[in-house]
There are 2 protein chains.
Amino acid sequence: MPTNKHVIGIDIGGTTTSFGIVDRHGVLICQSALPTLADQPAAVLVSRLYDAIEKMRSSLSSPVTLSGIGIGAPNANYLRGTVENPPNLNWGTSVNLVELFRQWYDLPVAVTNDANAAAIGELLFGGAKRMKHAIVITLGTGLGSGFIVNGELLYGADGFAGELGHTTVDPAGRECACGKRGCLETYASATGICRTVFELLEQRCDSSSLRKIGFKNLTSKQIYEAACEDDPVALAAFDMTARILGMKLADAVAHTSPEAIFLSGGLAAAGDLLLVPTRRYMEEFLFTPYRGKVQVLQSKLPEGSGAVLGAAALAWHEIDKIPFDSAQGTDVG
Amino acid sequence: MPTNKHVIGIDIGGTTTSFGIVDRHGVLICQSALPTLADQPAAVLVSRLYDAIEKMRSSLSSPVTLSGIGIGAPNANYLRGTVENPPNLNWGTSVNLVELFRQWYDLPVAVTNDANAAAIGELLFGGAKRMKHAIVITLGTGLGSGFIVNGELLYGADGFAGELGHTTVDPAGRECACGKRGCLETYASATGICRTVFELLEQRCDSSSLRKIGFKNLTSKQIYEAACEDDPVALAAFDMTARILGMKLADAVAHTSPEAIFLSGGLAAAGDLLLVPTRRYMEEFLFTPYRGKVQVLQSKLPEGSGAVLGAAALAWHEIDKIPFDSAQGTDVG
């Protein structure tokens, strides 16, 4: 049995696709990226990825044996192996990514959405090790979520469990790109906090460095930097974001009763500025039996490589489900 | 191996405790009840139940072999076997019901809360047979819920998963007995719809048969009967209840992606008056990938014996987890 078994983790985004070779312990041997070219068919991306992965493998000083491939992608369905109606990719209604990859690699291949990959990464390589029940929230352009239940990712009947971004905060609230109103991600995400700043600028009269920035130019990083300078509007925006996020995290606890909730993604990089008030508000909204029992933590996966590590973790988790004889490493490819 | 294996299902309420002998197929052989006597210690109730169960067994024309005992009780914790701070029972902070019953019966004993018992009953004997993912909502004085995930009851890290009654509809909303505001059960429950009628009577000017009834005397049954007579306030109360319930059921779908949601309990007896608008509103609030895929159904368990059948189902489910040799029926007791 080879000791150098590795998997490929791939994170497909609308602009960039990152990939890396990851060992059993979550060590990223090497990582690279290529432009997704979102207007081209999925098969073209898979072919380009094959070339890039093999180029990466051949550049290594000692050869690695591949045992599986894990992929995180928007609107991916683990149960079907598909990516369905991805918002930023011109791939049509449904593409079977598992089948496309298996044309190049005779290995176990699994696909799941980005937030589920983050959750399985947290379970295998991050802060949720040894936990049986946890929730991972990704706060990027939108809000994604992955649920660990009984030590497994929760997929539900249709493969789409864990989509907290589109739970309702206020049925008369902000328009969401999904067509509904008041979805959580219109408040608690990198774009949500920008909208919150504009709501506060309209309602309040105090001066703020954010008053000079146009709607299209404002970023959550600018709000973070303003908050670090004690800008009152920026601080209020973090407080309002934390309150709404805390309220909905309390709802999530009432559903699955996790040991911990991990925040990851761009907005979570704000650290205690978001974590501390989110914890406080969540406690206020928690039903009594849950109080003081659920941790709210920053993701323990590294910011730059978390998505690739999550996808790799999916591959290892998949391999662990296969009977030993058929899970041997292979040099195919 | 005896063919007449049976279990005892027990439903402990604040006023009445019901119990029955149930076979493997969910057939209730006989059922009885006794007053709970909520001011007395739990050990007294268990002793009285033993006497009543044995009296019932000895009255049967053919003897039954008991294989296990399942109990549904308020604030029961399956993982610990306890009932903790029950609101309507003078049992203190924590009573281990499993240990108390095992002083009388050398059998597998399991305890869970009423809504979880209803869910496991729906899974084994009701409409959720052959489903792997389902949610059961009990609409009584409060709102309880039980989640079936991967064919098992979801307990979470602390044994208290599935408490939708205290998720937040409106953080500035109605006072809840739990100390929070705007909890779902202050709107969607038998008492919640009564509060809704009074909100509507205050806001509207149209005549209604409900205007002559005092707050303490109004029941959900009266609202149902008025709605059947086309009373506009009663109809509006059902519509508002369905809208809020539908919104929060859509949230629940975004958490666990079930095949179906079952409504049970007193208010669910209103049938289509509640079911039809709840389905419509839930669809409106659902994130697109879930639309048209999740059924909202009335519980298939009989109204009068559903709680006892649910508790019995818990016993059978528990027995199924035990290796065959140790799960044999016994005549002990």
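The shown structure was predicted, so the numbers you read here are calculated from the model rather than taken from an experiment.

1. Let's talk about the confidence of the model for chain A
All names here are of chain A. Looking at chain A, the pLDDT average stands at 93 and 96% of residues meet or exceed 70. Of the regions scoring below 50 in pLDDT, residues 325–333 engages in 18 contacts with residues more than four places distant in sequence or in other chains. We note a pTM of 0.92 for the whole complex and an ipTM of 0.91 for its interfaces.

2. Overview of the sheet that holds strand β2 (residues 16–23) of chain B
Two orientations exist for strands paired in a sheet by backbone hydrogen bonds: parallel and antiparallel. Residues and elements named next belong to chain B. The strand order β3-β2-β1-β4-β8 describes an open sheet built from 5 strands, whose pairing is mixed. Only two strands of the sheet have a single neighbouring strand rather than two, namely β3 (28–35) and β8 (109–112). Taking the axes of each pair of neighbouring strands and ignoring which way they run, one obtains an average angle of 20° across the sheet. Both strand β1 (residues 5–12) and strand β4 (residues 65–72) contribute to a ladder of 7 bridges, which runs parallel. The residue bridging aspartate 11 from the neighbouring strand is glycine 72, located in β4.

3. Description of helix α4 (residues 190–203) of chain A
All names here are of chain A. Along its 14 residues, α4 runs 21 Å from first to last C-alpha, staying within 8% of the 20 Å computed at 1.5 Å per residue. What α4 keeps buried is the set Ala190, Gly192, Ile193, Cys194, Thr196, Val197 and Leu200. At its buried positions, α4 is contacted by β9 (134–139), α5 (220–228) and α6 (232–256).

4. Focus: the interface of chain A and chain B
Taken residue by residue, the interface counts 34 residues in chain A and 35 residues in chain B. Looking at the side of chain A that touches chain B, the element that brings in the most residues is α6 of chain A, giving 7 residues. Of the residues in the side of chain A that touches chain B, the class split is 17 nonpolar, 10 polar and 7 charged.

5. Here's the deal with the sheet that holds strand β4 (residues 65–72) of chain A
Residues and elements named next belong to chain A. Spatially, the 5 strands line up as an open sheet ordered β3-β2-β1-β4-β8, and their pairing is mixed. At either margin of the open sheet sits one strand with a lone partner, and together these are β3 (28–35) and β8 (109–112). Geometrically, the sheet is characterised by an average inter-axis angle of 20° between neighbouring strands, direction not taken into account. Bridge analysis of strand β2 (residues 16–23) against β3 gives 7 bridges, and the strand direction is antiparallel. The residue of β3 that forms the bridge with glycine 20 is glutamine 31. Against the sheet, helix α8 (residues 306–321) engages β1 (5–12), β2, β3, β4 and β8, with an angle of about 120° to β4.

6. Concerning the relation of the copies chain A and chain B
Mapping between the two copies of the chain is achieved by a rotation about an axis and a shift along the axis. Laying chain A over chain B is done by rotating through 180° and shifting 0.0 Å along the axis; what remains is an RMSD of 0.0 Å. A rotation of that kind, with that shift, is consistent with a two-fold axis. Minimal C-alpha distance to the rotation axis in chain A is attained by histidine 255 of chain A, lying at 3.7 Å. Mapped onto chain B, 100% of the interface residues of chain A are again interface residues, and the two copies thus contact each other with one and the same surface.

7. Some points on α6 of chain A
Residue and element names in this part refer to chain A. An ideal rise of 1.5 Å per residue puts 36 Å on 25 residues; α6 measures up with 36 Å between its terminal C-alpha atoms. By the criterion of burial, α6 is predominantly enclosed, with 21 of the 25 residues buried. Taken from the residues just after α6, serine 257 is the one with a positive phi, measuring 50°.

8. Focus: the domain arrangement of chain A
Residues and elements named next belong to chain A. By domain assignment, chain A separates into domain 1 (5–114 + 314–327) and domain 2 (127–298). Summarising the inter-unit geometry, the C-alpha centres of domain 1 and domain 2 are found 29 Å apart. For the side of domain 1 that touches domain 2, a count of residues per class yields 2 nonpolar, 2 polar and 2 charged.

The rules behind the values
- Residues numbered from 1 in each chain as written.
- Chains lettered and ligands numbered in written order.
- Predicted model: local features only at pLDDT ≥ 70, side-chain atom pairs only at ≥ 80, totals over all residues.
- pLDDT = per-residue confidence, 0-100.
- Contact = placed C-beta atoms within 7 Å.
- Pairing = 2+ DSSP bridges.
- Helix = DSSP H or I, 4+ residues; strand = E, 2+ residues; numbered from the N terminus.
- Axes fitted to C-alpha atoms, helices over the stretch in contact; angles between N-to-C directions.
- Expected span 1.5 Å × (residues − 1).
- Buried ≥ 20, exposed ≤ 12 C-beta atoms within 10 Å, placed from the backbone.
- Nonpolar A, V, L, I, M, F, W, Y, C, P; charged D, E, K, R; others polar.
- Least-squares fit on C-alpha atoms with pLDDT ≥ 70 in both.
- Domains from an automatic or database assignment.

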